[in-house]
Amino acid sequence: MSIRAEADHTWEAIHRHLIERQGLDLTRYKETYLKRRLLVRVRALRLPGFEAYARYLRRHPEELGPLQKALSIKVTSFFRNRSCFAFLEERVVPDLLRRSETRRHRIAVWSAGCATGEEPYSLAALFASALDRGAAFPACNGRSRVMVRITGTDLDETALVKARGAVFVARALLDSAPAEAAGQFDIRPDGTATPSARLRGMVRFERESLLDPIGREELDLIVCRNVLIYFSLEHQERILSRFAAALSGGGYLVLGRVERLFGEARALFDVVSARDRVYRRLPSDAAAGATAGGGPGREEARACA
Ligand SMILES: C[S@@+](CC[C@H](N)C(=O)[O-])C[C@H]1O[C@@H](n2cnc3c(N)ncnc32)[C@H](O)[C@@H]1O
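Remember, predicted model here, so these are calculated numbers, not experimental data. Positions within a chain are numbered from 1, following the residues in the order the chain's sequence is written. Local features in this predicted model are restricted to residues whose pLDDT is 70 or higher, and side-chain atom pairs enter the listing and the counts only when it is 80 or higher, whereas totals over whole chains, interfaces and linings include all residues.

**Q** When you look at the overall build of the protein in this model, what are you seeing that I'm missing?
**A** What the protein contains, in helices and strands, is 13 helices and ten strands. Looking at the protein as a whole, 36% of its 305 residues qualify as buried. Counting from the N terminus, the helices are the DSSP runs of H or I reaching at least four residues and the strands are the DSSP runs of E reaching at least two. The burial criterion counts other C-beta atoms lying within 10 Å of a residue's C-beta, which is placed from the backbone; the residue is buried at 20 or more, exposed at 12 or fewer, and partly exposed between these limits.

**Q** I keep staring at the site of the ligand and nothing clicks. Help me out?
**A** Using the backbone to place each C-beta atom, any residue with that atom within 6 Å of a molecule or strand is considered near it. Looking at the ligand, there are 21 residues lining it, with T76, G113, A115, L210 and N226 nearest. Its residues assigned to classes, the shell around the ligand shows nine nonpolar, six polar and six charged. Residues are sorted three ways: Asp, Glu, Lys and Arg are charged, Ala, Val, Leu, Ile, Met, Phe, Trp, Tyr, Cys and Pro are nonpolar, and all the rest, Gly among them, are polar.

**Q** For this particular structure, what's the right way to read helix α6 (residues 118–132)?
**A** Spacing of three or four residues puts side chains on the same side of an α-helix, whose turn is 3.6 residues. An expected span of 1.5 Å times one less than the residue number is assigned to each helix. In this model α6 runs 21 Å from its N-terminal to its C-terminal C-alpha over 15 residues, within 8% of the 21 Å that 1.5 Å per residue would give. Most of α6 is tucked away: 13 of the 15 residues are buried.

**Q** Please clarify how the sheet that holds strand β3 (residues 168–169) should be interpreted in this entry.
**A** The strands that make up a sheet pair up through hydrogen bonds in the backbone, lying either parallel or antiparallel. Reading across from one edge, β3-β5-β4 is the order of the three strands in this open sheet, with antiparallel pairing throughout. With partners counted over all chains shown, the strands left at the sheet margins are β3 and β4 (185–187), one partner each. Pairing between β3 and strand β5 (residues 192–195): two bridges, direction antiparallel. If you follow V169 over to β5, its bridge partner there is T192. Pairing between strands is defined by DSSP: at least two bridges between them are needed.

**Q** What's the story with unusual backbone geometry in this structure? I'm lost.
**A** Note: most peptide bonds trans; most residues except glycine with negative phi. Of note in the backbone geometry, H105 takes a positive phi value of approximately 60° without being a glycine. Mapped onto the fold, H105 is located in the loop between α5 (82–99) and β1 (106–112). Judged by C-beta crowding, with 15 C-beta atoms within 10 Å, H105 ranks as partly exposed. Unusually for a residue other than glycine, N226 sits at a positive phi of about 60°. Along the chain, N226 falls in the loop between β7 (219–224) and α11 (233–246). On the basis of neighbour counts, which here come to 19 C-beta atoms within 10 Å, the residue N226 falls in the partly exposed class.

**Q** What should I look at first to understand the nonpolar core in this one?
**A** Nonpolar side chains tend to gather and get buried jointly when the protein is soluble and globular. Take the buried Ala, Val, Leu, Ile, Met, Phe, Trp, Tyr and Cys residues, join any whose C-beta atoms are within 7 Å, and the set you get is a nonpolar core. By size, the foremost hydrophobic cluster in this structure holds 66 residues, and its most contacted members are A124, L126, F127, I222, F243 and L253. The element that contributes the greatest number of residues to this core is α6, accounting for nine residues. Apart from the residues within four sequence positions on either side, L126 is in contact with F85, L88, E89, V93 and A181. Counting residues in each nonpolar core, the second largest holds seven residues, with I14, V42, L57 and L67 among its members. Remark: residues whose backbone-derived C-beta atoms lie within 7 Å of one another are considered to be in contact.

**Q** Before we go on, may I ask you to explain the packing of helix α2 (residues 31–44) against helix α4 (residues 64–71) in this structure?
**A** In helix packing, the relevant descriptors are the interaxial angle and the interaxial distance, both defined with respect to the helix axes. What counts as an axis is a line fitted to C-alpha atoms, over the stretch in contact for a helix, and the angles between N-to-C directions run from 0 to 180 degrees. Taken N-terminus to C-terminus, the directions of α2 and α4 make an angle of 140°; their axes are 9 Å apart at the nearest point. Judged by the inter-axis angle, α2 sits oblique to α4. Considering only the axes of α2 and α4, their crossing is right-handed. Contact residues: L34, R37, V40 and R41 in α2; P66, L67, A70 and L71 in α4. Per-class residue counts for the contact of α2 with α4 are six nonpolar, no polar and two charged. Roughly parallel means an angle under 35 degrees; roughly antiparallel means over 145; roughly perpendicular covers 65 to 115; every other angle is labelled oblique. Left-handed is the label given to a crossing in which the near helix is rotated counterclockwise from the far helix by less than a right angle, and right-handed is the label when the rotation is clockwise.

**Q** It is not clear to me how the sheet that holds strand β6 (residues 203–207) should be interpreted in this structure. Could you clarify?
**A** On the basis of which strands lie adjacent, the open sheet formed by seven strands has the order β6-β2-β1-β7-β8-β10-β9 and mixed pairing. Bordering the open sheet on either side are β6 and β9 (269–273), each of which pairs with just one other strand. Neighbour-to-neighbour, the strand axes of the sheet open up by a mean angle of 20°, direction not taken into account. Both β7 and strand β8 (residues 247–255) contribute to a ladder of five bridges, which runs parallel. Residue pairing across strands places L219 opposite L247, the latter belonging to β8. Contacting β1, β2 (147–154), β6 and β7, α6 crosses the sheet at an angle of about 170° to β2. Helix α7 (residues 157–165) contacts β2 and β6 of the sheet and is inclined by roughly 165° relative to β6.

**Q** For this particular structure, what's the right way to read the environment of F79?
**A** Tracing the backbone through its elements, the reader meets F79 in the loop between α4 and α5. Note: C-alpha distance between F79 and L123 (44 residues apart in sequence) is 8.2 Å. Apart from the residues lying within four places of it in its own chain, the contact partners of F79 are F85, S122, S176 and A177.

**Q** What exactly am I supposed to notice about the packing of α5 against α6 here?
**A** One can describe the packing of α5 onto α6 by two numbers: an axis separation of 10 Å at closest approach and a directional angle of 60°. If you check the angle between α5 and α6, you find them oblique. The two elements α5 and α6 cross, and the hand of that crossing is right-handed. Contact residues: F85, L88, E89, V93, P94 and L97 in α5; S122, L126, F127 and A130 in α6. Grouping the constituent residues of the contact of α5 with α6 by class yields eight nonpolar, one polar and one charged.

Set out below in structure tokens:
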């Protein structure tokens, strides 16, 4: 039997194993893509085929890491989905800057599943541009008093190495960034772009799995886009509840266009933009009332439909 034909017999078993152990629902990936990626692991381990690989996986739990890495999709870009970033720029960033006045002038942001760093650096550029326009935020009392700390996390260390290296293709930035935000990057004659020292000072990266409990609290903004779609509904629900616990009252959660807020966490948020999947954490006492009062508002129900 050829290695490709054999894949059909064992693929389902491997997928089941991944759902049970890692919560990964791979049905959203193209099957041909998955099998091609799996083949990379089979060959790396010099195994005769997929059946042998399925047995290897059961006996070597440590193989789940390299397998997930081989399967993970790391597509990302600066200001991915312009309408969402425009909404953040117009509504969320100004609100967080105003609110920082009562939060010791600190803003804590988490870009969860940040891949190679374009997302957290885009967020940093929005904050830096808004602070440069300082007059629009009189409550901030000048830019130097606000400390924005953005943490980008990902499971994939290779992606994080690139994120920390912070050298990008300038064209990719200039094609998608608003002019003001693009000005926060240094464009070099060799066609590369790198975030300014100020942006790099705002952003740090850590390797972390979304399947692990969250060690952060009192966050102002969580951006987790195009990551949850790869998890089973059960794991998505668990992660969303953890996001709710990690956000402060009034903090924001931003999901990807095809992702939705559901499960227990749903009653803990208001919908700020259904289209751009922007939600606002209710203060704990209001959230208790909302839960007791029987669920989400109308717009939220629409967003989650
Ligand atoms: C499609 S990229 C999304 C990048 C970015 N958020 C965006 O929307 O442009 C998905 C990222 O999720 C990461 N990822 C997958 N499983 C993860 C997990 N269990 N914990 C943390 N990150 C994970 C992948 O390594 C990948 O970098």
